[in-house]
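Breakdown of the fold
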Amino acid sequence: MDNTEECNTRSSSLYSMEMLENEPVDFENNSSLWLPPEPEDEEDDHDGALCDEDDGEDATGEWGYLRSNSFGSGHCRSRDKSAEEHKRAMKDIVDGHFRALVAQLLQAEKVQLVDKSGKQSWLDIVTSLSWEAASILKPDTSKGGRMDPGGYVKVKCLACGRPSDSFVVKGVVCKKNVAHRRMASRKEKPRILILGGALEYQRISNLLSSFDTLLQQETDYLKMAVAKIKAHQPSVVLVEKSVSRYAQDLFLEKNISLVLNIKRPLLERISRCTGAHIVPSIDYVSSQKLGHCDLFHVEKYVEEHGTAGEGGKKMLKTLMFFEGCPKPLGCTILLKGANGDELKKVKHVVQYGVFAAYHLALETSFLVDEGATLPELPLKSPIIVALPDKPSSADRSISTIPILQMPTASSPNDSLQAFDVQTDGSTFNGFQTMDQTMVMCSPEYKSCKKLGAGSAQTESAHFNGQDKNIACLHGMVPWSSTDPLVQQSASSLCHCPSCSRDVVNKKHFEERQPETSGHTLDNDFNALSAHRTNLESVESGHLFAYNSENGDKIRAKLSVPLNVQISLDDDSSKDDSVIKKDEIPASPADNQSILVSLSSRCVW
Amino acid sequence: MAADALSIIPGAVLRNLSDKLYEKRKNAALEIEGIVKQLATSGEHDKISAVIALLTNDFTMSPQANHRKGGLIGLAAVTVGLTSEAAQHLEQIVPPVLTSFLDQDSRVRYYACEALYNIAKVVRGDFIIYFNKIFDALCKLSADSDANVQSAAHLLDRLVKDIVTESDQFSIEEFIPLLRERMNVLNPYVRQFLVGWITVLDSVPDIDMLGFLPDFLDGLFNMLSDSSHEIRQQADAALSEFLQEIKNSPNVDYGRMAEILVRRAGSSDEFTRLTSITWINEFVKLGGEQLVPYYADILGAILPCISDQEEKIRVVARETNEELCAIKADPTEGFDIGAILSIAKRELNSEHEATRIESLHWFSTLLVRYRAEFLAYLNDIFDPLLNALSDPSDAVVLLVLEVHARIAEESHHFHHLVSYLIHTFHNNHVLLEKRGALIVRRLCILLGAEKVYREFSTILETEGDLEFASTMVQALNLILLTSTELAELRSLLKKTLVDSCGKDLFQSLYASWCHSPMATISLCLLAQAYNHAISVIQSLGEEDINVKFLVQLDKLIRLLETPVFAYLRLQLLEPGKHTWLLKTLYGLLMLLPQQSAAFKILRTRLKTVPFSENLKRTSSTNPYSQILQVTEDGNRNHDTQSYNAINFPSRLHQFESMQQQHRVHLKNQLQSQKSASAIVLSQEIQRYEEAHSSSTSEIGRPPSRTSRGIS
């Protein structure tokens, strides 16, 4: 098996050389690379299935498939396990951060985290309500809808019951009532018809009416109109404007619940959630334009805790519910258990909370899609991260700081590990460490850009990511005209420090344009200097040793010719005791991972 | 202003606006609408105001009817032209239209309705500020003399209702006083209009008409007695709807409505009474604590309805009464027992028997549940309860006796009761004659005969009015001798000579029975104290034997023939053993005039005694020695027993003392009539003969009384 792997490695190396020489040939080679061996199919499917469950998108499955194919079976298994654990860990961290955010918001509004009885926690309630609402929500931007979740989630306050009675309604809740006391105020599986305008005869405000004609024709017209509506068998009729009382009585006779004088925005919201079309007049009514939901009902609540702004006076509040709407384009949060003034404050917190929860969910999904993982030292990382949070909380969003800090902290740790491994002299461990470093750099690079920008818009992030990838590819191409081996090693070193700062990245890209190898070397050393500033916890002795070690690597590579290096590889298969020979085989593997990442990005 | 308006609107348009043809006026109005629309678009509101002023001053206030019609449709057109900006000009537009509702020309009133209709449909909710005036106008127009105006008002009214029910600006609190003020109007059209508004407002879920129901409930009830069937029906439908809402609503002001319902339950109109009693029935079921303070008033409404001439009302009233009675109210929670008793007392004077009976049931129930509180009010209710003893209905008398019996469970109350009875009988001889027996017998059942008779005797012993005392004792004695209910008492008295209880009872009764010689004698016969009986007879003086005495003696002789004295007649089979009985009977015989019927009856009875046969046997063998032996034995045993048990000489003395008082009393009376003494004697004889006649008529009484007693 080992021999087989080595052979594969060599052929891959050869193929990569050819790809660099000729672009059309590169694509062909990529195709051949993607042909999976049979034993690896099961693992690929497994990974793909996980992706589907998480994201529900086919594209992500393809991503998982491609990524898993790029490594050997052993590496694949190891990666899968760590991926699952990392997802769980990431979710826990996100939840914790969100909870901290909510707590801060509640304190800002001067709301007690725990209510007077001490048994119910607004913190817990707001957190769970926000997550639930955010999970229900799936705005449809393809039809011109807005991205802001605030437009899809409404918060209603009821000054009765207990805080834990608060709940999320998958649909619309509004302060309306049926038109007549004896109209049914509860309908299961209702057929909903929405009528824009009014239902009256010659009561159009821009026409002068004559009583002579009105007296004769009004009732006949209204009977006809109601009969036309009735033909489509709606059980609930919503009307934007007024409905003549005579018509109301007709609806009552036909057991149709009627709600009138509904403002356009609310009508559109109900339309969006139930799927009912807003027809401009009875001439356009059709059965295909009726909406649906699980339950329509009207409830009356006595607000025993006192309503807002009325001196705590107990009021009777009537709410109308459209529950169980088929489209995930809106939901309503009902807050209970306090007086009106306090509920208003909690409402503000909930509105922020839903916004944050929704976008955190998007960010988490995005990070998972990009294969981002957390460091393997969970115990130490939080401690390190916690310290910088406090002084900077006033300036930055809490939800973004921890994630930003994690990659920064992880790099020096990984470097230290690499250094230790080098000292141990284990080839396999060294290879794995290098691989992890490269894998983590790529997604972190993107996530840093996105989080650094402070933008919550996914599209913007995607666009920026694409630009970065294109820039990388562009930067790579000119180097191939010179010494390819030297160029590749230089870029591998450049990736590590570029994670730490945008400024360094910019300089790096600018300086790639010149083709002077001397400049390249100078930049590398500058990067190392910048890198050094982040190693706050590393002792000066280690820093010096690390630096000298890197210098030695570079010199060794520069001094050896290409042909001689290849022959040395052949020799290394025979004798493992020579140190220099051990160093040489690592280089080809490193090149392989770089090439694979680039090809993956091309596909994406 | 006028000059400006004239320059804005062409003269031809203004001329058409005052044309007698509606079509031309409408076309002119449409022109004005267009002009105003342009002015509104360019924001020239001053010119619009000028146009409105022109239409108001020169047209709606014109002496010519066609001009006024033109002004109205013109104002409507202005409003239509303004559309969403009409609100700011309403202050100018609406008042002239409202004034036109009072126009003397019905056609102008008609077009005023049309104009306001158009104005209202443009501005809708914005004209709510004029609602009170519009409502007032509609109220009048609904009763307009012209049918077309009524129809137009009806159409306008429907629009106003729609606008009001959909508007947030409408204030129900401001509307209710307006409604209440008009609820007493008698005009049927106005009533129909008002009920229509009540029904519409109530049908809107978010308008709490129920909360204001007390304000117009009385008005609705007033309409139940309207002469129009349609209005009665509409009012009834509205009330039914409200009653249904009350059943579903937790918050209702039961108190204010209860007052109205109570008042209406006494209405002369049958339908009103039925509806109100139905509501009261539901209130009693639903009212809970809120209704407790009104229980007395409710009872006051229910009790008369129990005797209503209408069957349905009686049924509901009876059901309600039972519901009310079943409620376990607590005086500490506002339940006013005094008020309830006051109502029950008032209804005790009702002319209807059923109502009086239910009143007594309430007395009884309250006495059982709240005895202490009840007795605290006894001073106020005792007299009415006593008066009830004179009720024509036996059922009522029996019930009131039950109440009295419960009250009399305490000894001092018992004493009061008997004292009151004696006092009442003293003042009302008719009551004693008609109800005396019923009352005494019922009390004996309820409280125990012995207890009752002892109390009567105790009180009568010291009665100052000797004549009344004698009369009362005779009545009690007659009841004692004839009532089935008192059989146990008679059994006890029979054992006087051998039982200490009987002895005590005998002595207790004897103390007041002394007032009447005949009562005393009959008591001795009951007690089988025959020796004492003959002593009493022999102690009678010449002046004791008068007409009254003879009449009573006559009655007693007849009573001796009744089953009560069957034992006495059987004892005659052994004359030797009951020598004193024979003496007593012969003594009575001797007192009777020979020509009287009683004399013949008693003599016939004595002839049947087998005494002669005994005498014959004695004479045939050894007459003297045997007679003496028997006599001595009988005398010895009898005297020994009597003397040991009862001090009869003392009793005889007691009797003689009492009779002496009666003699002195009688002598005093006679002396006052000294000059007419001879006539008195003659009259006494005549009176006796008359009494004899009445005695003859009473021959049939004992059997019927006895048979009744048996049954």
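Residues numbered from 1 in each chain as written. Chains lettered and ligands numbered in written order. Predicted model: local features only at pLDDT ≥ 70, side-chain atom pairs only at ≥ 80, totals over all residues. Heavy atoms only, no water.

Helix and strand counts for chain A come out as 20 helices and 12 strands. Across the 604 residues in chain A, those meeting the buried criterion constitute 43%. Within chain A, counting contacts between residues at least 6 apart in sequence, those at least 24 apart form 74% of the total. Of the accessible surface of chain A, which amounts to about 32100 Å², a share of 54% is contributed by carbon and sulfur atoms. (Helix = DSSP H or I, 4+ residues; strand = E, 2+ residues; numbered from the N terminus. Buried < 20%, exposed > 50% of the residue type's maximum accessible area, 1.4 Å probe, protein only. Contact = heavy atoms within 4.5 Å. Areas by Shrake-Rupley, 256 points an atom, 1.4 Å probe, with all protein chains shown as cover.)

End to end, helix 6 (residues 122–136) of chain A covers 21 Å across 15 residues, agreeing with the expected 21 Å (1.5 Å per residue, within 8%). Listed as buried for helix 6 of chain A are Trp122(A), Leu123(A), Ile125(A), Val126(A), Thr127(A), Leu129(A), Ser130(A), Ala133(A), Ala134(A) and Ile136(A). (Expected span 1.5 Å × (residues − 1).)

Once that is clear, we can look at a negative patch on the surface. All names here are of chain B. On the surface, Glu289, Asp330, Glu333 and Glu373 cluster together to form a negatively charged patch. With respect to the helices and strands, the residue Asp330 is situated in the loop between helix 17 (311–326) and helix 18 (337–347). On the basis of relative accessibility, which here comes to 32%, the residue Asp330 falls in the partly exposed class. (Patch = residues over 30% accessible without salt bridge, like charges linked within 9 Å, V, L, I, M, F, W, Y side chains within 5 Å. Salt bridge = Lys/Arg side-chain N within 4 Å of Asp/Glu carboxyl O. Lys, Arg positive; Asp, Glu negative; His and termini not counted. Charge placed at Lys NZ, Arg CZ, Asp CG, Glu CD.)

Before going further, it helps to spend a moment on the sheet that holds strand 1 (residues 153–158) of chain A. Residue and element names in this part refer to chain A. If you trace the 3 strands from one edge of the open sheet to the other, you get 1-12-2, paired in mixed fashion. The strands lining the two open edges of the sheet, one partner per strand, are strand 1 and strand 2 (167–169). Averaged over all neighbouring strand pairs, the angle between strand axes comes to 25°, with direction disregarded. Note: strand 1 against strand 12 (residues 331–336), 6 bridges, orientation parallel. Among the inter-strand pairings, Leu158 is bridged to a residue of strand 12, identified as Lys336. Packing of helix 6 onto the sheet brings it into contact with strand 1, strand 2 and strand 12, and relative to strand 12 it is tilted by some 170°. The strands touched by helix 10 (residues 340–369) are strand 1 and strand 12; relative to strand 1, the strand with the most contacts, the crossing angle is about 160°. (Pairing = 2+ DSSP bridges. Axes fitted to C-alpha atoms, helices over the stretch in contact; angles between N-to-C directions.)

For the rest of this paragraph, the subject is the pattern of salt bridges. Residue and element names in this part refer to chain B. The final tally for this structure, using the stated rule, is 36 salt bridges over all chains. For the salt bridge of Glu33 with Lys37, the shortest nitrogen-to-oxygen distance reads 3.6 Å. With Glu33 and Lys37 both in helix 3 (residues 22–41) and 4 residues apart, this pair spans about one turn of that helix. The class of Glu33 is buried, set by a relative accessible area of 7%. By relative accessible area, Lys37 is classed as partly exposed at 36%. Here the salt bridges share partners, and the residues they tie into one network are Asp136, Lys140, Glu181 and Arg182.

Each partner contributes residues to the interface: chain A has 31 residues there, and chain B has 35 residues. Buried area between chain A and chain B, both sides added, is near 2700 Å², and the carbon and sulfur share of it is 49%. The interface formed by chain A and chain B includes 4 salt bridges. Between Arg182(A) and Glu241(B) there is a salt bridge, and its shortest N-O distance comes to 3.4 Å. Here chain A is connected to chain B by 9 residue pairs in polar contact (both at pLDDT 80 or more). Broken down by secondary-structure element, the contributors of at least two residues to the side of chain A that touches chain B are helix 7 (211–230) and helix 8 (245–253) of chain A. Here the element with the most residues in the side of chain A that touches chain B is helix 7 of chain A; it accounts for 6 residues. Here the side of chain A that touches chain B is composed, by residue class, of 11 nonpolar, 12 polar and 8 charged. (Buried area = accessible area lost by both parts, 1.4 Å probe. Polar contact = N/O pair within 3.5 Å; in protein donor to acceptor, adjacent residues only side chain to side chain. Nonpolar A, V, L, I, M, F, W, Y, C, P; charged D, E, K, R; others polar.)

All names here are of chain A. Within the element layout of this structure, Lys176 appears in the loop between strand 3 (171–174) and strand 4 (186–188). Separated by 85 residues in the primary sequence, Lys176 and Asn261 have C-alpha atoms spaced 9.0 Å apart. Residues in contact with Lys176, not counting those within four places in the same chain, are Val259, Leu260, Asn261, Ile262, Leu266, Val298, Thr318, Leu319 and Met320.

What follows concerns the nonpolar core. The biggest cluster of nonpolar side chains holds 249 residues, and the ones touching the most others in it are Phe175(B), Phe216(B), Trp279(B) and Tyr453(B). Each residue touching Tyr453(B), except ones within four places of it in the same chain, is listed here: Val440(B), Cys444(B), Leu476(B), Ile479(B), Leu480(B), Leu486(B), Leu489(B), Leu509(B) and Trp513(B). Listed in part, the 43 residues of the second largest apolar core include Cys174(A), Val226(A), Leu252(A) and Val285(A). (Core = buried A, V, L, I, M, F, W, Y, C linked by side-chain atoms within 4.5 Å.)

The next thing to look at is the packing of helix 19 (residues 353–369) of chain B against helix 22 (residues 394–407) of chain B. Residue and element names in this part refer to chain B. Relative orientation of the contacting elements helix 19 and helix 22 amounts to 15°, with a least axis distance of 9 Å. Compared by their axis directions, helix 19 and helix 22 come out roughly parallel. Seen along the crossing, helix 19 lies across helix 22 with a hand that is left-handed. For the pair formed by helix 19 and helix 22, the contact residues are Glu353, Arg356, Ile357, Leu360, His361, Phe363, Ser364, Leu367 and Val368 on the first element and Ala395, Val396, Leu399, Val400, Val403, Arg406 and Ile407 on the second. Class assignment for the residues of the contact of helix 19 with helix 22 results in 11 nonpolar, 2 polar and 3 charged. (Parallel < 35°, antiparallel > 145°, perpendicular 65-115°, else oblique. Left-handed = near helix turned anticlockwise from the far one by under 90°.)

Take the packing of helix 4 (residues 45–60) of chain B against helix 6 (residues 90–100) of chain B next. Residue and element names in this part refer to chain B. Viewed as axis vectors pointing N to C, helix 4 and helix 6 meet at an angle of 15°, and their least axial separation amounts to 10 Å. It follows from the interaxial angle that helix 4 and helix 6 lie roughly parallel. In the packing of helix 4 onto helix 6, the handedness of the crossing is left-handed. Taken together, the residues of helix 6 that come into contact with helix 4 (itself represented by Ser49, Ile52, Ala53, Thr56 and Thr60) are Gln92, Ile93 and Pro96. In the contact of helix 4 with helix 6, the residues fall into 4 nonpolar, 4 polar and no charged.

Residues and elements named next belong to chain B. Residue placement: Leu375 occurs in helix 20 (residues 371–376). In this structure the C-alpha to C-alpha distance between Leu375 and His413, which are 38 residues apart in sequence, comes to 9.6 Å. Aside from chain neighbours lying at most four places away, what touches Leu375 is Leu367, Ile407, Glu410 and His413.

A few words now on the UniProt feature "repeat: HEAT" (unreviewed entry) in chain B. Cross-referencing UniProt, the feature "repeat: HEAT" (unreviewed entry) maps to residues 93–128 of chain B in the present numbering. When the span residues 93–128 of chain B is considered, its composition is 72% helix and 0% strand, and the gap between its end C-alpha atoms is 14 Å. (UniProt positions renumbered as here; feature names shortened; annotations may be inferred.)

Here we take up the pairing of strand 5 (residues 191–195) of chain A. Residue and element names in this part refer to chain A. In terms of burial, strand 5 is a largely internal element, 4 of the 5 residues being buried. One ladder, built from 2 bridges, connects strand 5 with strand 9 (residues 291–292); its direction is antiparallel. Of the residues in strand 9, the one forming a bridge with Ile192 is Gly291. Note: strand 5 against strand 6 (residues 236–239), 4 bridges, orientation parallel. Residue pairing for strand 6: Ile192 is matched across the bridge by Val236.

What follows is about the side chain of Asn321(B). Residue and element names in this part refer to chain B. As for its placement among the helices and strands, Asn321 is situated in helix 17. A relative accessible area of 5% places Asn321 in the buried class. The residues touching Asn321, leaving out its near neighbours within four places in the chain, are Leu299, Ile302, Leu303, Ile306, Glu358 and Trp362.

Residues and elements named next belong to chain B. For the coordinates displayed, the defined rule picks out 27 aromatic pairs over all chains. For the ring pair Phe175 and Trp197, a centre distance of 6.0 Å and an interplane angle of 40° mean the geometry is tilted. Separated by 22 residues along the polypeptide, Phe175 in helix 10 (residues 172–182) and Trp197 in helix 11 (residues 188–203) bring together distant segments of the chain. A single burial state applies to Phe175 and to Trp197, both of which are buried. Each ring, one from Phe506 and one from Phe648, has its centre 6.4 Å from the other, and the planes form 65°; the classification is edge-to-face. Of this pair, Phe506 sits in helix 28 (residues 500–513) while Phe648 sits in helix 37 (residues 648–672), and the two are 142 residues apart along the sequence. (Phe/Tyr/Trp six-rings, centres within 6.5 Å; stacked < 30°, edge-to-face > 60°.)

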